[in-house]
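# Understanding the architecture of this molecule
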Amino acid sequence: MITEPKAEIAQRLAAVRQRIRDAEVAYGREAGSVKLLAVSKRQPIEAIRAAIAEGQHAFGENYLQEGAEKREALAGESVEWHFIGALQSNKTRAVAEGFDWVHTIDRLKIARRLSEQRPADAAPLQCCLQVNVSGEASKSGVAPEQAPDLANEIASLPNLQLRGLMTLPEAVPDFESQRAAFRQLRELQARLVADGLALDTLSMGMSNDLEAAVAEGATMVRLGTAVFGPRPEKTP
Ligand SMILES: *Cc1c(COP(=O)(O)O)cnc(C)c1O
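Residues numbered from 1 in each chain as written. Predicted model: local features only at pLDDT ≥ 70, side-chain atom pairs only at ≥ 80, totals over all residues.

Per an unreviewed UniProt entry, the chain carries the name Pyridoxal phosphate homeostasis protein and comes from Spiribacter insolitus. Note on the chain: under the UniProt heading Sequence similarities (unreviewed entry), the record states "Belongs to the pyridoxal phosphate-binding protein YggS/PROSC family." (UniProt positions renumbered as here; feature names shortened; annotations may be inferred.)

Have a look at this one:
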């Protein structure tokens, strides 16, 4: 971001909103049914301020230290903070105390800690269960077969509210393969709902596959580069 970051982010954000609207129309989705989570990891605070000035409310962060600094700097603003990074069990307190949402729960141990550590005066932590639909050993996320049991256990924890499923599939270039991964998540969610869980969130789709995700029912797309431009190499 060398010149006029504010104007550039305003333009990018307008283009992203149009992209989401176009996808809603193209795939028969209700207008406004896809929410934008602006992924601000490694972006400077001024970039977040610029997006807030354009009416953006929800921001996603991957790193705890960086997230804490940004929350502190923006404490006076009305912002909904989403944790979308890897969760380690010795780091759950910072998420439980500092964030409104977490998208990356994939183990019961972590979910229990988040529930125990959620401050009593805070609203329940809004959660998504991360599912590994592409079956890669390296990616985090619970296997689809194990998702129903884990979802039911998470849903019973007192200070968490399970809202739905999240996935971060293997990057594939073609639209039909992108859709196939997102379809698995949608079908899994439909089974959980049929079994009685009240879920309303499918967190899927990033800057390069948002159309495929909207086509398959995404309700929250997590967009970083499309909103802010390329990420700086290092945390600011
Ligand atoms: C970085 C990140 C994104 C955003 O990726 P872009 O390709 O920049 O849109 C979305 N979800 C997660 C979990 C991420 O880590």
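As a further point, take the overall build of the chain. If you tally the helices and strands in the chain, you get nine helices and eight strands. Here the C-alpha atoms of the chain give a radius of gyration of 17 Å, agreeing with the 18 Å that 2.2 N^0.38 yields for 236 residues. Across its three principal directions, the C-alpha atoms of the chain cover 50 × 40 × 30 Å. Across the 236 residues in the chain, those meeting the buried criterion constitute 39%. Of the contacts formed within the chain by residues at least 6 apart in sequence, a portion of 56% connects residues at least 24 apart. (Helix = DSSP H or I, 4+ residues; strand = E, 2+ residues; numbered from the N terminus. Rg over C-alpha atoms; globule rule 2.2 N^0.38 Å. Buried ≥ 20, exposed ≤ 12 C-beta atoms within 10 Å, placed from the backbone. Contact = placed C-beta atoms within 7 Å.)

Let us now look at the site of the ligand. Of all residues adjacent to the ligand, which total 13 residues, the nearest are Met 206, Ser 207, Arg 222, Gly 224 and Thr 225. When grouped by side-chain class, the residues that make up the shell around the ligand number six nonpolar, five polar and two charged. (Near = placed C-beta within 6 Å. Nonpolar A, V, L, I, M, F, W, Y, C, P; charged D, E, K, R; others polar.)

To continue, consider the UniProt feature "modified residue: N6-(pyridoxal phosphate)lysine" (unreviewed entry) in the chain. As recorded in UniProt, the sites labelled "modified residue: N6-(pyridoxal phosphate)lysine" (unreviewed entry) are Lys 41. Residue position: Lys 41 is located in the loop between strand S1 (35-39) and helix H2 (45-53). Classification of Lys 41 by C-beta neighbours within 10 Å gives partly exposed; the count is 19.

This part is about the pairing of S1. In terms of burial, S1 is a largely internal element, four of the five residues being buried. Across four bridges, S1 lies against strand S8 (residues 220-223) in parallel orientation. When the sheet's bridge partners are listed, Lys 35 is paired in S8 with Met 220. Where S1 meets strand S2 (residues 58-61), two bridges bridge the pair, whose relative direction is parallel. (Pairing = 2+ DSSP bridges.)

A general feature of soluble globular proteins is that nonpolar side chains tend to end up buried together. Val 102, Leu 129, Ala 218, Val 221 and Leu 223 are the most contacted members of the largest nonpolar core, which has 60 residues in total. For Ala 218, the contacting residues outside a window of four places in its chain are Val 34, Phe 182, Leu 202, Met 204, Gly 205 and Ala 213. (Core = buried A, V, L, I, M, F, W, Y, C linked by C-beta atoms within 7 Å.)

Between helix H1 (residues 5-26) and H2, whose axes approach to 9 Å, the crossing angle comes to 50°. Between H1 and H2, the angle is such that the two are oblique. As H1 packs across H2, the resulting crossing turns out to be right-handed. Contact residues: H1 offers Pro 5, Lys 6, Ile 9, Ala 10 and Leu 13, while H2 offers Glu 46, Ala 47, Ala 50 and Ala 51. (Axes fitted to C-alpha atoms, helices over the stretch in contact; angles between N-to-C directions. Parallel < 35°, antiparallel > 145°, perpendicular 65-115°, else oblique. Left-handed = near helix turned anticlockwise from the far one by under 90°.)

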